[in-house]
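Residues per chain are reported as follows:
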Amino acid sequence: MRLRSISKNVKEQNWFAVLLDFFIVVLGVFIGIQLGNWNDARHTRSAFVEAKDNLSAEYQANLEMVDKFIEDVEARTKLVRGAISALRECEKGDQAIEQVAKGANAARGTPTLHLRQTALSKITTNDAYLSLVEKKDREHLKEFERRLSQAQATLNWLEERPFENHIEDSAHISNGHLIPLSANESVMIRNLTVNASMDEICSDQTFAGPFYLWERTATFQSLRARQIRTWLSEARDGRNEAS
């Protein structure tokens, strides 16, 4: 209808009416574009608020996993160090054998920690979300993501270390009866037993090697996990988080 009016006014050479109609058309297009932009911005901000909520939940979930991981590492380390102590002192008797067996079972694998980074990545890879974050907070998020990725890479490497010199390869270790896997009681695993005397074990210079390797690995796992816990706590409390 507006185009017909413009055409009619041009034919009648009513230039004031032409300009008025043209202005109305341009204004309508401008308002339409602005309304579209406003709607997109509102949708983006709403999605960003949801993304931030997901990030906070991810921080908390990771903190809970890290706490459980550290607890697991410490429990296993206590058993492994008990075995190391018995071997270093070359203690005698069934109690010492049992102590070494417990340490061997604890050292047959390392605890696993795989951090969640989905919510964090969703924000750091979205330019629209980042535009809603202050510059200093964007830098904090990027740096936090970098440190978290590096820490995860270190944890992945440490997880595999004990298997390069595994306790189960020793001739003094045998597979015993089936027991539930601690992480999943529906999964069964063979219990490790010691098939030699303490005198035989102590005289084997290579037997204690896997225990020491596991202990070193667990020490660095615990150290890395504690660093991650500090970073996550800071982020959760808002010291390094988007505002």
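It should be emphasised that the depicted structure is a prediction, and the values quoted were computed from it without experimental measurement.

**Quick word on the overall build of the protein**
On a plain count of helices and strands, the protein comes out with eight helices and two strands. Counting over 243 residues, the protein shows a buried share of 38%. In the protein, once contacts between residues fewer than 6 apart in sequence are set aside, the share between residues at least 24 apart is 74%. Roughly 14,800 Å² of accessible area belongs to the protein as shown, and the carbon and sulfur atoms make up 54% of that amount.

**Here's the deal with the nonpolar core**
One finds Phe-211 and Ile-228 to be the most contacted residues of the largest nonpolar core, which totals 52 residues. Going through the elements one at a time, helix H2 (15–89), helix H3 (94–106), helix H4 (118–124), helix H5 (127–130), helix H6 (135–160), strand E2 (184–194), helix H7 (198–203) and helix H8 (209–236) are the ones with two or more residues in this core. Counting residues per element, this core draws most heavily on H2, which supplies 15 residues.

**Side note on H6**
Relative to the 38 Å expected for 26 residues at 1.5 Å per residue, H6 spans 38 Å between its end C-alpha atoms, a close match to the ideal helical length. Every buried residue of H6 is accounted for by Asp-137, Leu-141, Phe-144, Glu-145, Leu-148, Ala-151, Gln-152, Leu-155, Leu-158 and Glu-159.

**Topic: H8**
Taking 1.5 Å per residue, 28 residues should reach 40 Å; H8 reaches 40 Å between its end C-alpha atoms and fits that length. Gly-238, located one to two residues past H8, shows a positive phi value of around 95 degrees.

**Structural notes on the pattern of salt bridges**
By the definition in use, this model includes ten salt bridges. The partner of Lys-136 in a salt bridge is Asp-137, with the nearest N and O atoms 3.3 Å apart. When its relative accessible area of 47% is taken as the criterion, Lys-136 is described as partly exposed. By relative accessible area, Asp-137 is classed as buried at 4%.

**Considering the state of the cysteines**
Taken as a whole and assessed by the stated rule, the structure comprises one disulfide. The side chain of Cys-90 participates in a disulfide bridge whose partner is Cys-202; the two sulfur atoms lie 2.4 Å from each other. Judged by the sign of its S-S torsion, about 120 degrees, the cystine formed by Cys-90 and Cys-202 is right-handed. Separated by 112 residues along the polypeptide, Cys-90 in the loop between H2 and H3 and Cys-202 in helix H7 bring together distant segments of the chain.

**Thoughts on the packing of H6 against H8**
Running from N to C, H6 and H8 cross one another at 160 degrees; their axes reach a closest spacing of 10 Å. It follows from the interaxial angle that H6 and H8 lie roughly antiparallel. In the crossing of H6 with H8, the sense of the turn from one axis to the other is left-handed. Judged by residue contacts, Phe-144, Arg-147, Leu-148, Gln-150, Ala-151, Thr-154, Leu-155, Leu-158 and Glu-159 of H6 engage Thr-217, Phe-220, Gln-221, Arg-224, Ile-228, Trp-231, Leu-232 and Ala-235 from H8. Of the residues in the contact of H6 with H8, the class split is ten nonpolar, four polar and three charged.

**Some remarks on the environment of Asn-191**
Within the fold, Asn-191 resides in strand E2. On the basis of relative accessibility, which here comes to 17%, the residue Asn-191 falls in the buried class. Note: C-alpha distance between Asn-191 and Pro-180 (eleven residues apart in sequence) is 9.1 Å. Dropping the residues within four chain positions of it, Asn-191 is found in contact with Asn-105, Arg-108, Ser-174, Asn-175, Gly-176, His-177 and Ile-179.

**Re the side chain of Ser-170**
Structurally, Ser-170 is set in the loop between H6 and strand E1 (173–181). Polar side-chain contacts of Ser-170 include one of 3.1 Å to the backbone nitrogen of His-172.

**Focus: the packing of aromatic side chains**
The final tally for this structure, using the stated rule, is three aromatic pairs. Look at Phe-48 and Tyr-129: their rings are 5.7 Å apart centre to centre, the planes differ by 40 degrees, and that puts the pair in the tilted class. Taken together, the positions of Phe-48 in helix H2 and Tyr-129 in helix H5 put the pair 81 residues apart, joining distant regions of the chain. Residue Tyr-129 is classed as buried on the basis of its relative accessible area of 8%. Taking the centre distance of 5.5 Å and the plane angle of 90 degrees together, the rings of Tyr-59 and Phe-144 count as edge-to-face. Of this pair, Tyr-59 sits in helix H2 while Phe-144 sits in helix H6; the two residues are 85 residues apart in sequence, bridging distant segments of the chain. You'll find Tyr-59 and Phe-144 in the same group, each marked buried.

What counts, and at which threshold
Residues numbered from 1 in each chain as written. Predicted model: local features only at pLDDT ≥ 70, side-chain atom pairs only at ≥ 80, totals over all residues. Heavy atoms only, no water. Helix = DSSP H or I, 4+ residues; strand = E, 2+ residues; numbered from the N terminus. Buried < 20%, exposed > 50% of the residue type's maximum accessible area, 1.4 Å probe, protein only. Contact = heavy atoms within 4.5 Å. Areas by Shrake-Rupley, 256 points an atom, 1.4 Å probe, with all protein chains shown as cover. Core = buried A, V, L, I, M, F, W, Y, C linked by side-chain atoms within 4.5 Å. Expected span 1.5 Å × (residues − 1). Salt bridge = Lys/Arg side-chain N within 4 Å of Asp/Glu carboxyl O. Disulfide = S-S within 2.5 Å. Axes fitted to C-alpha atoms, helices over the stretch in contact; angles between N-to-C directions. Parallel < 35°, antiparallel > 145°, perpendicular 65-115°, else oblique. Left-handed = near helix turned anticlockwise from the far one by under 90°. Nonpolar A, V, L, I, M, F, W, Y, C, P; charged D, E, K, R; others polar. Polar contact = N/O pair within 3.5 Å; in protein donor to acceptor, adjacent residues only side chain to side chain. Phe/Tyr/Trp six-rings, centres within 6.5 Å; stacked < 30°, edge-to-face > 60°.

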